[in-house]
Amino acid sequence: MYNKLHYISQGNTVEEQLHNIHKALDNGCDWIQMRFKNQNALAVFTLAEAVKIVCKEYLATFIINDNVHLAKQLDADGVHLGLSDMKVEEARILLGKTKIIGGTANTFIDVIQRTSENCDYIGLGPFQFTTTKQNLSPILGLEGYRLIIQQMKIKNIQIPIYAIGGITLENVEDLMENGIQGIAVSGLITQSKNPSQLIKQLNDKLYGTI
């Protein structure tokens, strides 16, 4: 089973990205999704190469957002694909059966699509408003997750669901009670003044140790 806490990287430069990724890894997060949008190819490659090395040092899972060819080139652990990115089937052919392929979803119809595409996990959201992503899909809220998980149970659809989008520490228990596998966060960790305490609290809630 996959880690319950995913960190989606932030930063406008290679240096900022690496600083934030180190911050997450140093304080106990061992799943990194590298997201570095609207950058030139050299900067993206430079960052990805560095992130692969540091993730290997920390024995962390290294996922690349969107860029399947880069994931193949660097032998990353996998990719995360948005609904308008490369099709999962094409990515699977390029990456092979052993790599992790995650997919974004916003509705139950998206979940059905992702399941039929044989995604390994789904990032379902957004939970609430977030400034991290432009062109935000309709907000789900707790009720949205509850309804989608309920529909999944009726249809016997079994795939790990990760909540994403504006999640705070206070939201985690309610989300987990609705049947999700874990959460993917970005700004919550990036902006934290005490990441060690935050990540410990998140993991405690996610793994039910409190």
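A few points on the structure. Model, not experiment: these values are computed from the prediction.

Once that is clear, we can look at the pairing of strand 7 (residues 161-164). Judged from the three bridges that link them, strand 6 (residues 121-124) and strand 7 form a sheet pairing that is parallel. Bridge pairing in strand 7 links Ile122 to Ile161. As judged from the three bridges shared by strand 7 and strand 8 (residues 182-185), these two strands associate in the parallel manner. By the bridge assignment for strand 8, Ile164 is matched with Ala184. Taken together, strand 7, helix 7 (residues 172-177) and strand 8 constitute a β-α-β crossover, and its handedness is right-handed.

Between its first and last C-alpha, helix 6 (residues 141-154) extends 20 Å over 14 residues, near the 20 Å set by a 1.5 Å rise per residue. Residues of helix 6 that are buried include every one of Gly141, Gly144, Tyr145, Ile148, Ile149 and Met152, and no others. Down the axis of helix 6, the buried side of the element spans an arc of 125°, and every buried residue falls inside it. Structural note: helix 6 exposes Lys153 and Ile154 on the side pointing more than 90 degrees away from its buried face. Elements that come into contact with the buried residues of helix 6 comprise helix 5 (108-116), strand 6, strand 7 and helix 7. Two residues or fewer after helix 6 comes Asn156, characterised by a positive phi angle close to 55°.

A full pass over the atoms with the stated rule returns seven salt bridges. With a shortest N-O distance of 2.9 Å, Arg114 and Glu117 are connected by a salt bridge. Looking at Arg114, the relative accessible area reads 2%, which means it is buried. With relative accessibility at 12%, the residue Glu117 sits in the buried group. Notably, a salt bridge pairs Asp204 with Lys200, separated by 2.8 Å at the nearest N-O pair. Separated by four residues within a single helix, Asp204 and Lys200 lie in helix 9 (residues 195-206), roughly one turn from each other. Of the residues examined, Asp204 reaches a relative accessible area of 16% and is grouped as buried.

Our focus in this paragraph is the sheet that holds strand 2 (residues 31-34). Pairing in this closed barrel of eight strands is parallel, and the strands run 1-2-3-4-5-6-7-8 around the ring. Each adjacent strand pair in this sheet contributes to an overall mean axis angle of 25°, direction not counted. Running over the sheet, helix 6 touches strand 6 and strand 7 and is turned about 170° from strand 7.

The relative placement of two packed helices comes down to the angle between their axes together with the axis-to-axis distance. Taken N-terminus to C-terminus, the directions of helix 1 (residues 14-26) and helix 2 (residues 41-57) make an angle of 20°; their axes are 10 Å apart at the nearest point. As far as their axial angle goes, helix 2 and helix 1 are roughly parallel. The handedness of the crossing between helix 1 and helix 2 comes out as right-handed. Residues Val14, Gln17, Leu18, Ile21, His22 and Leu25 of helix 1 pack against Ala43, Leu47, Ala50, Val51 and Val54 of helix 2. A class-by-class count of the residues in the contact of helix 1 with helix 2 yields nine nonpolar, two polar and no charged.

Procedures and definitions
Residues numbered from 1 in each chain as written. Predicted model: local features only at pLDDT ≥ 70, side-chain atom pairs only at ≥ 80, totals over all residues. Heavy atoms only, no water. Pairing = 2+ DSSP bridges. Helix = DSSP H or I, 4+ residues; strand = E, 2+ residues; numbered from the N terminus. Right-handed = clockwise from strand over helix to strand, strands pointing away. Expected span 1.5 Å × (residues − 1). Buried < 20%, exposed > 50% of the residue type's maximum accessible area, 1.4 Å probe, protein only. Arc of directions from axis to C-beta. Contact = heavy atoms within 4.5 Å. Salt bridge = Lys/Arg side-chain N within 4 Å of Asp/Glu carboxyl O. Axes fitted to C-alpha atoms, helices over the stretch in contact; angles between N-to-C directions. Parallel < 35°, antiparallel > 145°, perpendicular 65-115°, else oblique. Left-handed = near helix turned anticlockwise from the far one by under 90°. Nonpolar A, V, L, I, M, F, W, Y, C, P; charged D, E, K, R; others polar.

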